[in-house]
Amino acid sequence: MSESERVGCETAEEIVKTWPEAAREAANEMMEEYGAPDEATASLLLWHNNGPWRRTVVYREEAQHNFPAPHRDVLEQFIPYRVPVDKFDDLAAFDGNVLVDRTKGLMSARCAGEGGNFLSLNLAYEIIQGNKDVESARAAYAQAMKARKEGNTPEIMQRLMFEIPRDDTADPDQALI
């Protein structure tokens, strides 16, 4: 979608003005960071290929999440990444909001803000690579969030700390029929 076809920020701002607070804040932060969304509906704003992300979605609907402390998840961001099937359970045990779409070759994180998504995906990568187990990744997540709350945002929450694959990450599986 070209810049001229994008939804205007004014339109998106009008849509989100009645959204719950966490969703409205995330939407405004993403518009400030990435400009107007490519698509907007009453229930979500969507950007394609913004920053390091294949796709960014801000949902109106909030999901209560208590790890590492109670908050509401509204922002999901996707990267191309082929996750080995034997790591799916570890990622689910680490954080229920790290999601894998094996067929499309995408991994996403859903949190209240972009920093949490960077953190989740960076630690998911560490688990996939075998550098951290689930327990140490959860402890690192909590430690980073605590540091941010104290005003010292760690680098792991500011950017992806690994290279996003440039090759095809999709896994269409094997036909049986």
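Criteria and cut-off values
Residues numbered from 1 in each chain as written. Predicted model: local features only at pLDDT ≥ 70, side-chain atom pairs only at ≥ 80, totals over all residues. Heavy atoms only, no water. Helix = DSSP H or I, 4+ residues; strand = E, 2+ residues; numbered from the N terminus. Rg over C-alpha atoms; globule rule 2.2 N^0.38 Å. Buried < 20%, exposed > 50% of the residue type's maximum accessible area, 1.4 Å probe, protein only. Areas by Shrake-Rupley, 256 points an atom, 1.4 Å probe, with all protein chains shown as cover. Lys, Arg positive; Asp, Glu negative; His and termini not counted. Charge placed at Lys NZ, Arg CZ, Asp CG, Glu CD. Axes fitted to C-alpha atoms, helices over the stretch in contact; angles between N-to-C directions. Parallel < 35°, antiparallel > 145°, perpendicular 65-115°, else oblique. Contact = heavy atoms within 4.5 Å. Pairing = 2+ DSSP bridges.

J.: I'd like a rundown of the overall build of the protein, residues and numbers included.
T.: A count of helical and extended segments in the protein gives five helices and six strands. Listing each helix as α and each strand as β along the protein from the N terminus yields α-α-β-β-β-β-α-β-β-α-α. Relative to the globule expectation of 16 Å for 177 residues, the C-alpha radius of gyration of the protein, 17 Å, shows essentially globular dimensions. Principal axes of the C-alpha set define a box for the protein whose edges measure 50 × 45 × 25 Å. By the burial criterion, 42% of the 177 residues in the protein qualify as buried. Carbon and sulfur atoms make up 46% of the accessible area of the protein, which totals about 9,700 Å². Once the 19 positive and 32 negative side-chain charges of the protein are each reduced to a mean point, those two points are 3 Å apart.

J.: Run through the packing of helix α1 (residues 9–16) against helix α2 (residues 21–34), naming residues and quoting values.
T.: One can describe the packing of α1 onto α2 by two numbers: an axis separation of 10 Å at closest approach and a directional angle of 170 degrees. Classed by the angle they form, the pair α1 and α2 counts as roughly antiparallel. Residues C9, A12, E13 and V16 of α1 form the contact with α2, whose own contacting residues are R24, A27, N28 and M31.

J.: Describe the sheet that holds strand β6 (residues 106–111), and please don't skip the residues or the numbers.
T.: An order of β1-β2-β3-β4-β6-β5 is seen for the six strands of this open sheet, with the pairing classed as antiparallel. Strands at the two margins of the open sheet, each flanked by one partner only, are β1 (39–40) and β5 (98–101).

No statement about biological role is implied by the geometric values presented.
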